[in-house]
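If you want the building blocks of each chain, they are given just below.
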Amino acid sequence: MPATSGARRSPADLTIMASRYNALKSDAAWQAIWDERGTFAARDDSGKPHAYVLEMFPYPSGKIHMGHVRNYTMGDVLARYRRMTGHEVLHPMGWDAFGMPAENAAMDKGVHPGTWTRANIATMKAQLKRLGFALDWSRELATCEPDYYGHEQALFLDLFAGGLVYRKESSVNWDPVDMTVLANEQVIDGKGWRSGATVEKRKLNQWFLKITDFADELLDGLGDLAHWPDKVKLMQENWIGRSRGLTFRFAPVVPLDQPIEVYSTRPDTIFGASFVAIAADHPVAQELASRDPDAAAFIERCKEGGTTAAELETQEKLGFDTGYAVQHPFDADWTLPVYIANFVLMDYGTGAVMGVPAHDQRDLDFARKYALDVTRVVAEGDTVDPVFAGDTAYTGPGRIVNSRFLDGLSVDEAKGQVIARAEAEGWGSGSTVYRLRDWGVSRQRYWGTPIPIIHCDACGAVPVPREQLPVVLPEDVSFDIPGNPLDRHPTWRHIPCPSCGGDAARETDTLDTFVDSSWYFIRFASQPDDKPFDRSVAEKWLPVGQYIGGVEHAILHLLYARFWTRALRHIGKLDMAEPFAGLFTQGMVTHATFRSDDGRWLNPDEVTDGKETATGLPVTIGRVEKMSKSKKNTVDPEPIVDQYGADAVRWFMLSDSPPERDLEWSENGIEGSWRFVQRLWRLFDGDAVGEAGSDVPLDRKLHQTIAGVGADIEALQFNKAVAKLYELVNAIERAQPSASRTAAIRAAMLLVAPMVPHLAEEAWAAIGREGLIADADWPTFDPALLVEDEVTIAIQVNGKLRDTLVLPKGQSKAEIEAAALASDKIVRLLDGQTPRKVIVVPDRLVNLVA
Ligand SMILES: Nc1ncnc2c1ncn2[C@@H]1O[C@H](COP(=O)(O)OP(=O)(O)OP(=O)(O)O)[C@@H](O)[C@H]1O
């Protein structure tokens, strides 16, 4: 390393000097060294405290984009920092590799989903490597490989044996043109995304996991997650949706011959009820349809439309007046009409609801359409008028009004009263219900984990014997016609029944890909060949200390993983309640979206000056949205890494804004990061070593920075850490050569190492240090140097500021008083008088009462 003089240079000069840092060369060299030495391989038994840092693994959709870079850089800084602070770190990476896009690629391009997926994995892995992430690649896994999903099948069978899996008929979205089941996201405005046909509901036998058995645990367990964002906990709480309500019967009015049982979470609004709505497949509706062709035709119509909650919310509310009526439970003379309605589902509650239009939006839409009464029973502020105007239901809190004996009560008090009366009078009973449904895991798709079940006419659903696992997906399938190719494979599904030996058939549904991501973090911690994980090893690492991922996974993925972990505990496979002790949800990297003249999404690369580069036709610039492959608004980091090197890209992703905040991608600023990397290099490379002399302010700055940067990284406040490092570098650059300055430069190398690891290694080697900086110890700070040792004290006379004094910190009251009374200004002001009273607040102020 060239020893130059310690003379200061302006940053602008630095980049044009000869000894420019060659990032591309250094990046490749250090990445190769880390690889060769297995630097980031986690050892199960090193004796050091364990730290498990994990980012949500990506779907291998093609290339990584800046969103991934942001997510993975944050995890990487923490992982590297934990290593330097003496931890054995597990920081693995893998691929959430099953799912629809691979099947779509197969249909569009004629390439096998496996080929497409594995090629994407290779590309993305190479891209991640170029960013220098400290990942333990020896533990890499891809969920689409039998050595992963075979173990998942074993776990599925464990849960099956443990009574947590069952099969039930349930509705799916059916595309009548493509003759296939559609995933919810393939239903767009009630139509099949490819065929454009109106989607129907169909009943199919499907597999479910009993997540509802754990509803209370999953809800109450949120209280123990101190290191999770409140917003995520709230989202989970709402999703589980525990509420107390009333199941009760409306007595029939002739000619109806049976009561209608409903469930309501708002029994407090019972005096606002104006109708009862039943599902199309409710027994009363079915019975009517057998005699009334109009009712039968309406029920057919109800089959249109998807099954998602969102669909049910948004689709037009349709009803059929059965002509039947029921009695209000509190008034034998009050009757309510009974409608068949398309928004009521049979497998939800009792398949019947009471309609309270003033206080439920769905009911209000319905009541306005069919001209039913709308009566206010909860006051909205001062508004108590029973006539409810407008088209927006009031769902907020308030006093109960227009409700006889309930008037004046709060919503909760009224609920309690109605439940108590119903129970005393024997027409209903209170119960706790959950919004959470059991998890339907069957997907009528090819590219997923085959469900390890064999169907036999004689024996029913029989688990695949363990020694026959994995049930491997056949590769010889075609996608030329819609539907699940497993269904039409010539041989794959035919198999003798393991129980009776007769002809039987494999289950052709595959598992929801959320199952794959519900336990991958366990497999990362321990991956023996012969079982899903070795419990004692897994428990050494788990729970994950810090999990980092997008808030878009706040509900489903995180809830399913929490459930899976508890389910494994329930069947005695793992002794752990919560999989992720700490959670951080990074803000999204966003970017404008572009659409071509004919409505295709375009990548920013395909647009020049507002026109599609290829066709010259104008493009539509859409909203700024989360960078994502599906909207094609991705920016590939690779050309940027080519130009500026990995460290500049990493630094840039960390420095720009608070990590929890969204960040609109722009290349402005990357050059600034590159210049800073160069500046660091000049500082590290240009230091004159071994000079004597100390520089106390610089020592203080250094120790404050060591403490502050460590705390910021621990709190994942990377932008703050970066700001402190800028300040330190400024201070070092300004300082005259001294031993302090040399020490500060050495420490700065360590402090920036988690963020710009290639440059840090290069500098470390250049000063002749043994070993890697990745393995070096994080610098320690001297607490005595963290405090400023002088304070400014205000001196007041009769409450008015008259002077200030700079004094050593921590002086006694007597010392401060003496100093104040000796001040020239005060001596002049007092003019020989002795103050009547002296009030001293140490390190802050002195007030003299004259
Ligand atoms: N634009 C983004 N900004 C920040 N983080 C992102 C962004 N896109 C994905 N991530 C994060 O990357 C991790 C892996 O996500 P994954 O690859 O499954 O993302 P995705 O949303 O499916 O992306 P894509 O839509 O491009 O495939 C997740 O933690 C996710 O939140």
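So, how was this worked out
Residues numbered from 1 in each chain as written. Predicted model: local features only at pLDDT ≥ 70, side-chain atom pairs only at ≥ 80, totals over all residues. Heavy atoms only, no water. Helix = DSSP H or I, 4+ residues; strand = E, 2+ residues; numbered from the N terminus. Buried < 20%, exposed > 50% of the residue type's maximum accessible area, 1.4 Å probe, protein only. Contact = heavy atoms within 4.5 Å. Areas by Shrake-Rupley, 256 points an atom, 1.4 Å probe, with all protein chains shown as cover. Lys, Arg positive; Asp, Glu negative; His and termini not counted. Charge placed at Lys NZ, Arg CZ, Asp CG, Glu CD. UniProt positions renumbered as here; feature names shortened; annotations may be inferred. Salt bridge = Lys/Arg side-chain N within 4 Å of Asp/Glu carboxyl O. Phe/Tyr/Trp six-rings, centres within 6.5 Å; stacked < 30°, edge-to-face > 60°. Lys NZ or Arg CZ within 6 Å of the ring centre and 35° of its normal. Pairing = 2+ DSSP bridges. Near = heavy atom within 4 Å. Polar contact = N/O pair within 3.5 Å; in protein donor to acceptor, adjacent residues only side chain to side chain. Nonpolar A, V, L, I, M, F, W, Y, C, P; charged D, E, K, R; others polar. Axes fitted to C-alpha atoms, helices over the stretch in contact; angles between N-to-C directions. Parallel < 35°, antiparallel > 145°, perpendicular 65-115°, else oblique. Left-handed = near helix turned anticlockwise from the far one by under 90°. Disulfide = S-S within 2.5 Å. Expected span 1.5 Å × (residues − 1).

(A) Quick look at the overall build of the protein chain. Regarding its fold elements, the protein chain presents 27 helices and 36 strands. Looking at the protein chain as a whole, 54% of its 850 residues qualify as buried. Put simply, of all contacts in the protein chain between residues at least 6 apart along the chain, 72% involve residues at least 24 apart. Here the protein chain displays about 36,400 Å² of accessible surface, and carbon together with sulfur accounts for 50% of that area. Where the 90 positive side-chain charges of the protein chain centre and where its 120 negative ones centre are 4 Å apart.

(B) A look at the UniProt feature "domain: Aminoacyl-tRNA synthetase class Ia" (unreviewed entry) in the protein chain. Per the UniProt annotation, the sites labelled "domain: Aminoacyl-tRNA synthetase class Ia" (unreviewed entry) are residues 433-592 and 625-666. Within the segment residues 433-592, helix and strand shares are 22% and 22% respectively, and the terminal C-alpha atoms sit 42 Å apart. Secondary structure across residues 625-666 comprises 43% helix and 10% strand; the distance between its end C-alpha atoms is 13 Å.

(C) A look at the pattern of salt bridges. Counted by the stated rule, this structure contains 47 salt bridges. The residue Arg43 makes a salt bridge to Glu88 at a minimum N-O spacing of 3.0 Å. Separated by 45 residues along the polypeptide, Arg43 in the loop between helix H2 (23-37) and strand S1 (50-55) and Glu88 in strand S2 (residues 88-90) bring together distant segments of the chain. With relative accessibility at 48%, the residue Arg43 sits in the partly exposed group. Classification of Glu88 by relative accessible area gives buried; the value is 4%. The partner of Arg562 in a salt bridge is Glu578, and the shortest N-O contact between them spans 2.8 Å.

(D) Structural context of the packing of aromatic side chains. On inspection of all chains with the given rule, the structure shows 39 aromatic pairs. On the basis of an interplanar angle of 5° and a centroid distance of 3.6 Å, the ring pair of Trp439 and Tyr560 is categorised as stacked. Placement of Trp439 in strand S18 (residues 439-440) and of Tyr560 in helix H18 (residues 556-570) is noted, with a sequence separation of 121 residues between them. Comparing Trp439 with Tyr560 shows no difference in burial state: the two are buried. Linked through ring pairs, Phe248, Phe250, Phe271, Phe330, Trp334, Phe405 and Trp427 together constitute an aromatic cluster. The ring of Trp239 has Arg435 sitting right over it, with the charged end atom 4.5 Å from the ring centre.

(E) Fine view of the pairing of strand S15 (residues 331-341). Pairing geometry for strand S13 (residues 275-278) and S15, over three bridges, is parallel. When the bridges of S15 are listed, Ala277 appears paired with Tyr339. Summarising the sheet, strand S14 (residues 319-328) and S15 pair through seven bridges and their orientation is antiparallel. Each bridged residue has a counterpart across the sheet, and for Val326 the counterpart in S15 is Leu336. Remark: two residues form the turn of the hairpin made by S14 and S15, two consecutive strands paired antiparallel.

(F) Geometry of the site of the ligand. As a matter of local geometry, the ligand sits amid 21 residues, with Asn71, Glu552, Val589, Lys626 and Lys629 nearest to it. Between the ligand and the protein, one listed contact pairs an oxygen atom with a side-chain N or O atom of His65 at 3.0 Å. Between Val589 and the ligand, the recorded distance is 2.8 Å, taken from a backbone N or O atom to a nitrogen atom. When the ligand sits alone it has 590 Å² of accessible area, and the protein chains cover 91% of it. When residues of the shell around the ligand are traced back to their parent elements, those giving at least two are helix H3 (66-84) and strand S25 (546-550). Broken down by element, the shell around the ligand gets its largest block of residues, four residues, from H3. Of the residues belonging to the shell around the ligand, the class tally is eight nonpolar, 10 polar and three charged.

(G) Local environment of the sheet that holds strand S35 (residues 837-841). Read from one edge of the open sheet, four strands run S34-S33-S36-S35, paired in mixed fashion. Edge strands, defined here as strands with exactly one partner in the open sheet, are strand S34 (800-808) and S35. Averaged over all neighbouring strand pairs, the angle between strand axes comes to 20°, with direction disregarded. Bridge count between strand S33 (residues 790-797) and strand S36 (residues 845-849): four bridges; the pairing is parallel. For Ile795, the partnering residue across the bridge sits in S36 and is Val846.

(H) Spatial organisation of the packing of H3 against helix H20 (residues 646-655). Viewed as axis vectors pointing N to C, H3 and H20 meet at an angle of 90°, and their least axial separation amounts to 9 Å. In terms of orientation, H3 and H20 fall into the roughly perpendicular class. Together, Met66, Val69, Arg70, Thr73, Met74, Asp76, Val77 and Arg80 of H3 and Val649, Arg650, Met653 and Leu654 of H20 make up the contact between the two elements. The class makeup of the residues in the contact of H3 with H20 is seven nonpolar, one polar and four charged.

(I) Expanded view of the pairing of S36. The pairing of S35 with S36 spans five bridges and is classified as antiparallel. Along S36, the bridge assignment pairs Val840 with Val846. Hairpin connection of S35 to S36: three residues between the antiparallel strands, including Asp843 at a positive phi of 65°.

(J) Structural detail: the packing of helix H21 (residues 670-685) against helix H23 (residues 718-734). Their axes nearest at 11 Å, the elements H21 and H23 cross at an angle of 40°. By the angle between their directions, the pair H21 and H23 is classed as oblique. Judged by the sense of rotation from one axis to the other, the crossing of H21 with H23 is left-handed. Counting all contacts with H21, which are made through Phe676, Arg679, Leu680 and Leu683, the residues of H23 involved are Tyr726, Val729, Asn730, Ile732 and Glu733. A breakdown of the residues in the contact of H21 with H23 according to their chemical character gives six nonpolar, one polar and two charged.

(K) Local environment of the state of the cysteines. Tallied over the full model, the rule gives zero disulfides. Cys500 provides the cysteine sulfur closest to Cys459, a residue in no disulfide bond, and the two sulfurs are 3.7 Å apart.

(L) Expanded view of the side chain of Arg376. Note on placement: Arg376 falls in the loop between helix H12 (361-369) and helix H13 (411-425). Among all residues touching Arg376, those that are not within four sequence positions of it are Ala358, His359, Thr383, Val384, Asp385, Pro386, Val387, Phe388, Val401 and Asn402.

(M) Main features of helix H24 (residues 739-752). With 14 residues, H24 extends 20 Å from end C-alpha to end C-alpha; this agrees with the ideal 20 Å at 1.5 Å per step. Across the 14 residues of H24, 11 count as buried, placing the element largely inside the fold. Within H24, burial applies to Ser740, Arg741, Thr742, Ala744, Ile745, Ala747, Ala748, Met749, Leu750, Leu751 and Val752. As for H24, its buried residues are in contact with H3, H21, helix H22 (696-714), H23 and helix H25 (757-766). The opening residue of H24, the one whose side-chain oxygen lies 3.3 Å from the backbone nitrogen of Ser740, is Ser738.

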